[in-house]
Amino acid sequence: SSMSKIEGMFTTMLVNHTTEMEAIHALTTKVNAMEGQSKLSTEHQERLVQAETQIKKNTHRIEQIENGEADRINRERRKDVILHGVPDTIVGQKLEDFVQTVLNMVEIQDYDMAVRKGQVLEDKTRPVVVTLMKEKDKIKALKNKARLKPTEAVKNLDDNKIRLSDHVSDQTLREHHILEN
C-alpha cells in the first residue's frame, strides 16, 4: 500500500512535471513567436523611419522649389502694381488714359502696359495689372497711394475707392498676411 502511495505520488509528480514542461514549451514557443514579431516589427519600424526621413527631405525640397518659384514670380513682377476698383467700362475714356490719370495722382509719369486680369463678372470689377517703367516708380507709387482720391477725372462707377497694391506671388501674400496677424 505504501508502494502504491509512492507510485501515485510519483505519477502525480510526473503528470504535473509533464504539464509544467508542456506549459514551459508553450511559453517558449510564444516567446519565440513574439521575438519573431518583434524582429518583423523592428524591420517595419526601420522602414517607417526611412520613409519619414524621405518625406521630410521631399517636403524640404518642395518648399525650396516653391520659394524659388515665388522669388521668380516676384522678380518678374518687380515693376508691377495692381489697380483695384477700376470699372470695366469707363465712360468717355480708354483704359490706358484712365490708368495714366490714376498714375499721375501718385506722381508716376509713364508706364509700360496695363492689362485686366480675370474673367468678366457682372457684379465685380477686374483688377488692372500695370507694369511701370522702373522699379523705383513702383516704390514711389506705393508710397504715394494714399493720394488716390475720387476726382472729376477719375470717377469710379461702383462708388468704390480705387486702390493700388503691390503685385507679388500668392506665397508672398500669405507670408505677409501671417506676419500682419
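Predicted model only: the values in this text are computed from it and were never measured. (Residues numbered from 1 in each chain as written. Predicted model: local features only at pLDDT ≥ 70, side-chain atom pairs only at ≥ 80, totals over all residues. Heavy atoms only, no water.)

Looking now at helix α3 (residues 135-143). Among the residues of α3, those classed as buried are Asp137, Lys138 and Ala141. Seen end-on, α3 carries its buried residues on one side only, within an arc spanning 100°. In α3, the exposed positions angled more than 90 degrees off the buried face are occupied by Lys136 and Lys143. (Buried < 20%, exposed > 50% of the residue type's maximum accessible area, 1.4 Å probe, protein only. Helix = DSSP H or I, 4+ residues; strand = E, 2+ residues; numbered from the N terminus. Arc of directions from axis to C-beta.)

A few words now on the side chain of threonine 172. Positionally, threonine 172 belongs in helix α4 (residues 170-180). A relative accessible area of 11% means that threonine 172 is categorised as buried. Within the structure, the side chain of threonine 172 is placed 2.8 Å from the side chain of asparagine 74, a separation counted as a polar contact. Leave out the neighbours within four places in its chain, and threonine 172 touches Ala70 and Asn74. (Polar contact = N/O pair within 3.5 Å; in protein donor to acceptor, adjacent residues only side chain to side chain. Contact = heavy atoms within 4.5 Å.)

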